[in-house]
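# Report on the structure
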Amino acid sequence: MINEKLLVKKAFEAQKRSYSPYSNFNVGAALLGTNGKIYEGCNIENAAFTPTNCAERTAFFKAVSEGQKEFSAIAIVGGKNGAKEDEAEYCAPCGVCRQVMMEFCNPKTFKVYLAKTEDDYIEYTLEEILPLGFSGKNLD
């Protein structure tokens, strides 16, 4: 069972570790493996920009590097450094992150939670945010 409130809380904790000196846009993600473990990630920027890594991919790559390749849900939070709570917006994953999700997740059942606060979040499936997604099944 997914405890989305805990995932959202963990995403906000991960957001605090964001390294984003160029954009000042801090993102945190908390990824739930089917093993019950939560893998946290934050965005990590680079002066050259291309090597920058999103919070979602950081969480996925951390999990995969530890041997976990099946997932149930992810919570994502983000916003400008210093923004007030009433200025918060939902932070959706970029296209590259959605494609990484497609590599490891069932698009019909994988849940994506976008949160403004710990109590204000919305839920999607991966299929809803990546219709007609491309995966390894397309290569069979």
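To be clear, the structure that these remarks concern was listed above.
These numbers were taken from a predicted model, which means no experiment stands behind them. Sequence positions are assigned chain by chain, starting from 1 and proceeding in written order. This being a predicted model, a pLDDT of at least 70 is required before a residue's local features are given, and a value of 80 or more before pairs of side-chain atoms are given or counted; all residues contribute to the totals for chains, interfaces and linings. To obtain the side-chain values, all non-hydrogen atoms of the structure were used and water was disregarded.

## Things to note about the side chain of Arg57
Heads up, the rule is: Secondary structure elements follow DSSP: runs of H or I of four or more residues count as helices, runs of E of two or more count as strands, with numbering from the N terminus. Only protein chains enter the accessibility calculation, which uses a 1.4 Å probe; a residue is then buried when its area is under 20% of its type maximum, exposed when over 50%, and partly exposed in between. A residue counts as positive if it is Lys or Arg and as negative if it is Asp or Glu; His and the chain ends are not included. The salt bridge criterion pairs a side-chain nitrogen of Lys or Arg with a carboxyl oxygen of Asp or Glu, the two atoms within 4 Å. Contacts are assigned to residue pairs that have any heavy atoms within 4.5 Å of one another.
Looking at the secondary structure, you find Arg57 in helix H2 (residues 55-65). Lacking a salt bridge, the buried Arg57 has Glu56 as its closest oppositely charged neighbour, with an N-O distance of 6.6 Å. Non-local contacts of Arg57, meaning those with residues more than four positions away in its chain, are made with Thr52, Val96, Cys97 and Val100.

## Observations concerning the pairing of strand S4 (residues 111-115)
Our working rule: A pair of strands counts as paired when DSSP detects no fewer than two bridges linking them. By the criterion used throughout, a crossover qualifies as right-handed when its path from the first strand across the helix to the second strand runs clockwise, the strands pointing away from the viewer.
Most of S4 sits inside the fold, with four of its five residues counted as buried. Across four bridges, strand S3 (residues 71-80) lies against S4 in parallel orientation. Across the sheet, the residue bridging to Ala73 is Lys111, located in S4. Assessed by its sense of winding, the connection that carries the chain from S3 through helix H3 (residues 95-104) to S4 is right-handed. The pairing of S4 with strand S5 (residues 121-125) spans five bridges and is antiparallel. Paired with Ala115 across the two strands is Tyr121, which belongs to S5. Where S4 folds back onto S5 in an antiparallel hairpin, the turn is made up of five residues.

## Some details on the packing of aromatic side chains
Which entries qualify depends on this criterion: Ring pairs shown here join Phe, Tyr and Trp side chains whose ring centres sit within 6.5 Å, with only the six-membered ring taken for Trp; geometry is labelled stacked below 30 degrees between planes, edge-to-face above 60, and tilted in between.
All chains considered together, the criterion is met by six aromatic pairs. The interplanar angle of 70° and the centroid separation of 6.0 Å between the aromatic rings of Tyr22 and Phe49 together place this pair among those described as edge-to-face. Residue Tyr22 is located in the loop between helix H1 (4-15) and strand S1 (25-33), and its partner Phe49 is located in the loop between strand S2 (38-42) and H2; the two are separated by 27 residues in the primary sequence. What makes Phe49 exposed here is its relative accessible area of 57%. Measuring from ring centre to ring centre gives 6.2 Å for Phe60 and Phe104, while their planes differ by 25°; the resulting arrangement is stacked.

## Structural notes on H2
Of the positions making up H2, those classed as buried are Ala55, Glu56, Arg57, Thr58, Ala59, Phe60 and Ala63. Buried residues along H2 sit against S1, S2, S3 and H3.

## Considerations on the nonpolar core
What counts is decided by this rule: Residues enter a nonpolar core if they are buried and are Ala, Val, Leu, Ile, Met, Phe, Trp, Tyr or Cys, with the set joined through side-chain atoms within 4.5 Å.
By size, the foremost hydrophobic cluster in this structure holds 22 residues, and its most contacted members are Leu31, Phe60, Ile74, Met101, Phe110, Val112 and Leu126. If you list the elements that add at least two residues to this core, you get S1, H2, S3, H3, S4 and helix H4 (126-129). The element that contributes the greatest number of residues to this core is H2, accounting for four residues. Those residues in contact with Phe60 that lie beyond four places of it in its chain are Leu31, Phe71, Ile74, Val100, Met101, Phe104, Cys105 and Phe110. Of all hydrophobic cores here, the second largest spans 11 residues; its members include Leu7, Phe12, Leu32 and Ala115.

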